[in-house]
Amino acid sequence: AYTYSSSCDLTITPYSAQGEAFPALSKHISRSSRFVGTFSSLGLPEGTAWLKIEGTKALAGFQLLGSKEGGLAGFDCTTIKKRAGAIPGLDGDGIAALGMVNTEDSEAHVTLTAFQDDGEVLATKSISIPAHAKIAGTVMDLFGQEVEGVSYVTFSSDRDLVGFQVGISDTLERADALPIL
């Protein structure tokens, strides 16, 4: 997180994949400086799946994802809350996964639709994401079946979601990430 105009106090709330809130952390950022932390450097509890970061001032943020084997990818994470959108980039070589977090206090009812390049619908699935919970996996994981030829997935929800797509090369040397669009 980064703040430009003045100092800022942060509240960092870790959540489990099921939406359980763990005790929040407080951090301070001085004017024109940044806060950088990893799960291990913050001492987050085991089972932390995602973080909600709130500030007393406007923040800019960047999510960096990586693996011990190589590949590193990142994306802007400050304006990605949406109720409908698309998750592109699912048709490359390697492994493509997507993740979504329900940021609200109530269960989200979500419709996912998988498409080919030409716009043909390949599969549709309705799912529920509990309050503050996270879902993540490959298209097969989320749809519960093999869906061949998927280029992108659209979603619509009755609650705000944040999400991303991560692509990892077969060799684990390259990675890319995109926020939901």
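So, the overall build of the chain
Phase 1: For the chain, the count of helices and strands is 2 helices and 14 strands.
Phase 2: Buried residues in the chain amount to 36% of all 181 residues.
Phase 3: With the model as given, the accessible surface of the chain reaches about 10000 Å², and the carbon-plus-sulfur share is 50%.

Let's talk about the sheet that holds strand 3 (residues 25-29)
Phase 1: Judged by pairing direction, the sheet is antiparallel, and its 3 strands sit side by side in the order 3-2-5 without closing on themselves. Because the sheet does not close on itself, it has two edges, and the strands there are strand 3 and strand 5 (48-55). In this sheet, adjacent strand axes meet at a mean angle of 30 degrees when their direction is disregarded.
Phase 2: As paired strands, strand 2 (residues 8-16) and strand 3 are joined by 5 bridges and run antiparallel to one another. Residue pairing across strands places Thr11 opposite Ser26, the latter belonging to strand 3.

Some points on unusual backbone geometry
Phase 1: Residue His132 is not a glycine yet carries a positive backbone phi of 60 degrees.
Phase 2: Note on placement: His132 falls in the loop between strand 11 (121-129) and strand 12 (134-137).
Phase 3: Given the relative accessible area of 10%, His132 is considered buried.

Here's the deal with the confidence of the model for the chain
Phase 1: Looking at the chain, pLDDT values average 81 and 78% of them are 70 or higher.
Phase 2: Mean pLDDT across the secondary structure elements of the chain bottoms out at strand 7 (residues 70-76), with 52, and peaks at strand 10 (residues 108-115), with 95.

Some words on the pattern of salt bridges
Phase 1: One pass over the full model with this rule turns up 3 salt bridges.
Phase 2: The salt bridge partner of Glu54 is Lys52, with a shortest N-O separation of 3.7 Å.
Phase 3: What makes Glu54 partly exposed here is its relative accessible area of 40%.
Phase 4: With a relative accessible area of 28%, Lys52 lands in the partly exposed category.
Phase 5: Across the salt bridge formed by Arg83 and Asp160, the nearest N and O atoms sit 3.2 Å from each other. Placement of the pair is Arg83 in strand 8 (residues 82-87) and Asp160 in strand 13 (residues 152-168), with a sequence separation of 77 residues.
Phase 6: Taking the relative accessible area as the measure of exposure, Asp160 reaches 21% and is therefore partly exposed.
Phase 7: Each of the salt bridges in this network shares a partner with another, and the network as a whole consists of Arg83, Glu104 and Asp160.

Rules used in this analysis
Residues numbered from 1 in each chain as written. Predicted model: local features only at pLDDT ≥ 70, side-chain atom pairs only at ≥ 80, totals over all residues. Heavy atoms only, no water. Helix = DSSP H or I, 4+ residues; strand = E, 2+ residues; numbered from the N terminus. Buried < 20%, exposed > 50% of the residue type's maximum accessible area, 1.4 Å probe, protein only. Areas by Shrake-Rupley, 256 points an atom, 1.4 Å probe, with all protein chains shown as cover. Pairing = 2+ DSSP bridges. Axes fitted to C-alpha atoms, helices over the stretch in contact; angles between N-to-C directions. pLDDT = per-residue confidence, 0-100. Salt bridge = Lys/Arg side-chain N within 4 Å of Asp/Glu carboxyl O.

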